[in-house]
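Spelled out from the first residue to the last, the chains are:
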Amino acid sequence: MDGVTLVDHPLIQHKLTLMRNKGTSTKQFRELLNEIGMLICYEITRDLPLEIVDIETPLAPMKAPSLEGKKLVFAPILRAGTAFLDGMLNLVPSARVAFIGLYRDPRTLQSVEYYFKAPEDIAERLVIVMDPMLATGNSAIAAVERLKKRGVSKLRLMCLLAAPEGLRRFRAHHPDVHVWTAAIDSHLNDHGYIVPGLGDAGDRMFGTK
Ligand code: URA
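Throughout what follows, the structure given in this document is the object of discussion. (Residues numbered from 1 in each chain as written. Predicted model: local features only at pLDDT ≥ 70, side-chain atom pairs only at ≥ 80, totals over all residues. Heavy atoms only, no water.)

### Comments concerning the site of the ligand
Point 1. All residues in the neighbourhood of the ligand are listed as Arg-104, Met-133, Ala-135, Gly-192, Tyr-193, Ile-194, Gly-199, Asp-200 and Ala-201.
Point 2. Within the backbone of Ile-194, one N or O atom sits 2.8 Å away from an oxygen atom of the ligand.
Point 3. Separating an oxygen atom of the ligand from a backbone N or O atom of Ala-201 is a distance of 2.7 Å.
Point 4. Considering the ligand on its own, with 240 Å² of exposed area, one finds that the protein chains cover 89% of that surface.
Point 5. Grouping the amino acids of the shell around the ligand by side-chain chemistry returns five nonpolar, two polar and two charged. (Near = heavy atom within 4 Å. Polar contact = N/O pair within 3.5 Å; in protein donor to acceptor, adjacent residues only side chain to side chain. Areas by Shrake-Rupley, 256 points an atom, 1.4 Å probe, with all protein chains shown as cover. Nonpolar A, V, L, I, M, F, W, Y, C, P; charged D, E, K, R; others polar.)

This is the structure we're talking about:
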């Protein structure tokens, strides 16, 4: 699909299979999501611009590449998006974090915002929105809309699993926002769950029901 990158690295696919398995414990599920977050982050930041800076090694002066521009912002959608965060901050420790609290109304499947906290100068930065399950796409669409209202123009979306319906809806609303996902599953069921999917990611991360 146009504007979508499938991150099909064997390590990610193996870890995703462990996550899908209903026998996987809460602890293991959280650890796997954290590890996959780090691996997808590696791909999503592959084309970040570099600048050449002057440094001195113990042996000689040299011109060496260094990340250019303002620090990135990681924007997890609460709650499941936070599981990606530690792994991503391990890779990019200087990144800023914006939290976007959205819940899905179980009746309408629409997103309702209950929390938003972002760096003041977020509009000047590249923002990576994190939502492990792109199901209907409503939460990701709402989160990106909210960020665009704050003036953000450079945005990327990072998921773990996507439904084709959600991907199409997201891309139709935000054709300028590229999506990275580890898998595109078969379909959504009548309750808005991804099939075969992995169940409710938030519940499996935190042991709620
Ligand atoms: N959210 C989840 O956690 N799982 C789904 O399958 C869909 C939305």
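### Here's the deal with the packing of helix α1 (residues 10-20) against helix α2 (residues 26-44)
Point 1. Contact geometry for α1 and α2: axes closest at 10 Å, N-to-C directions at 155 degrees. In terms of axis orientation, α1 runs roughly antiparallel to α2. Of the two elements, α1 crosses α2, and the hand of that crossing is left-handed. Residues Leu-11, Ile-12, Lys-15, Leu-16, Leu-18 and Met-19 of α1 touch α2, and the partners they reach there are Phe-29, Leu-32, Leu-33, Glu-35, Ile-36, Leu-39 and Ile-40.
Point 2. Split into classes, the residues belonging to the contact of α1 with α2 amount to 11 nonpolar, no polar and two charged. (Axes fitted to C-alpha atoms, helices over the stretch in contact; angles between N-to-C directions. Helix = DSSP H or I, 4+ residues; strand = E, 2+ residues; numbered from the N terminus. Parallel < 35°, antiparallel > 145°, perpendicular 65-115°, else oblique. Left-handed = near helix turned anticlockwise from the far one by under 90°. Contact = heavy atoms within 4.5 Å.)

### Details of the nonpolar core
Point 1. Ranked by size, the top nonpolar core spans 38 residues in total, and within it Phe-74, Leu-160 and Leu-198 carry the most contacts.
Point 2. Secondary structure elements with two or more residues in this core: α1, α2, α3 (85-91), β8 (127-130) and α6 (201-206).
Point 3. With seven residues, α2 is the single largest residue contributor to this core.
Point 4. Residues within four places of Leu-198 in sequence aside, it is in contact with Leu-16, Met-19, Arg-20, Phe-29, Met-133, Leu-160, Leu-161 and Arg-204.
Point 5. If you look at the next biggest cluster of nonpolar residues, it comprises 27 residues, including Ala-162, Leu-167, Phe-170 and Val-177. (Core = buried A, V, L, I, M, F, W, Y, C linked by side-chain atoms within 4.5 Å. Buried < 20%, exposed > 50% of the residue type's maximum accessible area, 1.4 Å probe, protein only.)

### Things to note about α1
Because the α-helix completes a turn every 3.6 residues, residues three or four places apart line up on one side.
Point 1. Where α1 is concerned, the buried positions are Ile-12, Lys-15, Leu-16 and Met-19. Each buried residue of α1 sits inside an arc of 105 degrees when the element is viewed along its axis, so together they form one side. Seen from the open side of α1, the exposed residues pointing more than 90 degrees away from its buried face are Pro-10, His-14 and Thr-17.
Point 2. Those residues of α1 that are buried are in contact with α2, β11 (161-162), β13 (183-184) and α6. (Arc of directions from axis to C-beta.)

### Remarks on helix α4 (residues 138-149)
Point 1. The end-to-end C-alpha separation of α4 is 16 Å, in line with the 16 Å expected for 12 residues at 1.5 Å each.
Point 2. Within α4 the residues assigned to the buried category are Asn-138, Ser-139, Ala-140, Ile-141, Ala-143, Val-144 and Leu-147.
Point 3. Looking at the residues trailing α4, positive phi occurs at Gly-151, about 95 degrees. (Expected span 1.5 Å × (residues − 1).)

### Considerations on the environment of Asp-185
Point 1. Tracing the sequence through the fold places Asp-185 in the loop between β13 and β14 (187-188).
Point 2. A relative accessible area of 10% places Asp-185 in the buried class.
Point 3. Taking the C-alpha atoms as reference, Asp-185 lies 6.7 Å from Gly-197; in sequence the two are 12 residues apart.
Point 4. The contact partners of Asp-185, leaving out residues within four places of it in the chain, are Arg-20, Leu-161, Ala-162, Pro-164, Ile-194, Val-195, Pro-196 and Gly-197.
Point 5. Among the polar contacts made by the side chain of Asp-185, one reaches the side chain of Arg-20 at a distance of 2.8 Å.

### Structural notes on the sheet that holds β11
Point 1. Across the sheet, three strands lie side by side as β9-β11-β13; this open sheet has parallel pairing. Two strands in the sheet have a free side with no partner beyond their single neighbour: β9 (133-134) and β13.
Point 2. In the sheet, β11 pairs with β13 via two bridges, with the strands oriented parallel. From the neighbouring strand, Leu-161 faces β13, where its bridge partner is Ala-183. (Pairing = 2+ DSSP bridges.)

### Focus on the environment of Gly-166
Point 1. In this structure, Gly-166 sits in helix α5 (residues 164-173).
Point 2. Between the alpha carbons of Gly-166 and Arg-107 there is a distance of 17 Å; along the sequence they are 59 residues apart.

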